[in-house]
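# Chain and residue survey
Chain by chain, the residues:
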Amino acid sequence: MGIQVEQVSKRFGDFQALHPVSLEVKSGSLVALLGPSGSGKSTLLRVIAGLEQPDTGRIYLSAQDATHKTVQDRNVGFVFQHYALFKHLTVRRNIAFALELQKWPKERIKHRVNTLLELVQLTGFGDRYPAQLSGGQRQRVALARALAIEPQVLLLDEPFGALDAKVRKDLRDWLRRLHNEVHVTTVFVTHDQEEAMEIADDIVVMNHGRVEQVGSPAEVYENPATPFVMSFVGAVNVLSPDPTWKALHHDVPSHGEVFLRPHDIEIFATPQSGSLGATVNHIIHLGWTLRVELTLDNGHPLTAHINREQYHQLDLQPGQAVYLQAKQVRSFEPSTSYGRVA
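Residues numbered from 1 in each chain as written. Predicted model: local features only at pLDDT ≥ 70, side-chain atom pairs only at ≥ 80, totals over all residues. Heavy atoms only, no water.

Moving on, we get to the sheet that holds strand β2 (residues 15-25). Pairing is antiparallel across the open sheet formed by four strands, whose spatial order is β2-β1-β4-β5. The open sheet is flanked by β2 and β5 (64-65), the only strands paired with a single partner. Against the sheet, helix α1 (residues 41-49) touches β1 (3-12), β2 and β4 (56-61), its axis set at about 120 degrees to β1. (Pairing = 2+ DSSP bridges. Helix = DSSP H or I, 4+ residues; strand = E, 2+ residues; numbered from the N terminus. Contact = heavy atoms within 4.5 Å. Axes fitted to C-alpha atoms, helices over the stretch in contact; angles between N-to-C directions.)

So, about unusual backbone geometry. If you check the backbone angles, glutamine 121 has positive phi at about 60 degrees while not being a glycine. Within the secondary structure, glutamine 121 sits in the loop between α4 (106-119) and α5 (135-148). In this structure glutamine 121 comes out as partly exposed when scored by relative accessible area, which is 47%. Even without being a glycine, histidine 183 presents a positive backbone phi close to 55 degrees. Inspection of the secondary structure puts histidine 183 in the loop between α6 (165-182) and β8 (185-190). (Buried < 20%, exposed > 50% of the residue type's maximum accessible area, 1.4 Å probe, protein only.)

A word on empty space enclosed by the protein. Per the counting criterion, the structure on display carries one cavity of 30 Å³ or more. Size it by volume and the largest cavity reaches roughly 40 Å³. In terms of lining, the largest cavity is formed by Leu30, Leu154, Leu175, Leu178, His179, Val182, Val184 and Thr186. For the lining of the largest cavity, the element with the most residues is α6, which contributes four residues. A class-by-class count of the residues in the lining of the largest cavity yields six nonpolar, two polar and no charged. (1 Å grid on protein atoms, 1.4 Å probe; cavity = no way out; pocket = protein on both sides within 12 Å on 5 of 7 lines; lining within 4 Å. Points joined across faces, edges and corners; volume = space filled by probe spheres on them. Nonpolar A, V, L, I, M, F, W, Y, C, P; charged D, E, K, R; others polar.)

Structure representation (structure tokens):
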């Protein structure tokens with residue numbers, strides 16, 4: 001089932017949560033709504049689900065107008081951040097709850113629940129209660145319950161936000177594999193760039209109730225459409241207008257901010273033609289990658305990312321004088337939201 005959002009807006013009192021937003025989600029795809037708090041991503045998800053009514057615009061599910069349909073009539077599965085499981089019901093009864101309300105035959109319910117327990121890798125946990133499960137297991141039960149009704153659309157509102165980093169990583173991998181098996185059209189909300197980049201087929205970047213860009217993870221990262229996307233998706237150094245930056249790269253403009261990814265900074269132990277001098281302040285080991293905090297000779301702070309091989313070749317130490325060049329910089333013309341690569 002494809003999803004089409006057509007000029008949807010939503011206001012809460014004096015707060016404009018969504019400006020007119022249009023969006024198309026292809027059938028069977030896995031799409032992330034990515035943005036900071038207050039960007040409108042959860043509101044948009046709730047409008048698609050039917051939990052909120054839009055002030056203007058239309059929602060189409062499988063090309064059918066669903067704007068005024070109830071949640072039940074939309075055949076949508078919804079998973080919240082905090083599981084919302086029934087504490088007094090077993091895992092099996094939690095998953096079966098909606099099916100019992102729909103008066104499915106008992107044998108069909110049993111078969112469906114067993115299938116889902118296997119799908120979410122919780123076979124043997126059916127008679128346990130939510131309090132007897134880990135956070136990751138509870139979230140998998142919540143996903144199984146959402147899938148029980150065989151929804152055409154699965155909506156996830158920051159599903160891993162309440163979990164620790166290791167569990168989040170494991171569940172991200174699991175969700176991607178699960179989607180490859182069930183192929184249900186899935187939209188999930190997150191503020192975590194890495195999560196969106198790792199899981200989604202396409203990313204919808206939102207800011208202040210507007211869609212800034214829609215594209216694949218590679219497109220959004222490598223060709224950001226606006227300064228906001230450039231600064232929100234992936235680490236970046238933002239340099240204020242200064243002729244000094246010409247030394248970093250020959251095509252740096254003389255006006256406007258300059259955006260420089262940490263991995264695009266080259267560090268040298270000796271002066272290079274047109275390089276900028278800097279001092280190493282701090283070195284942070286992140287496994288194979290190291291983050292190097294620097295201060296340029298003009299006093300501007302800068303962050304670079306290098307690998308361990310480069311680190312050992314340079315023999316970097318705090319307080320060391322080094323020299324920098326940029327492989328690529330990006331700027332944005334004042335008259336347009338789209339950037340250019342230098």
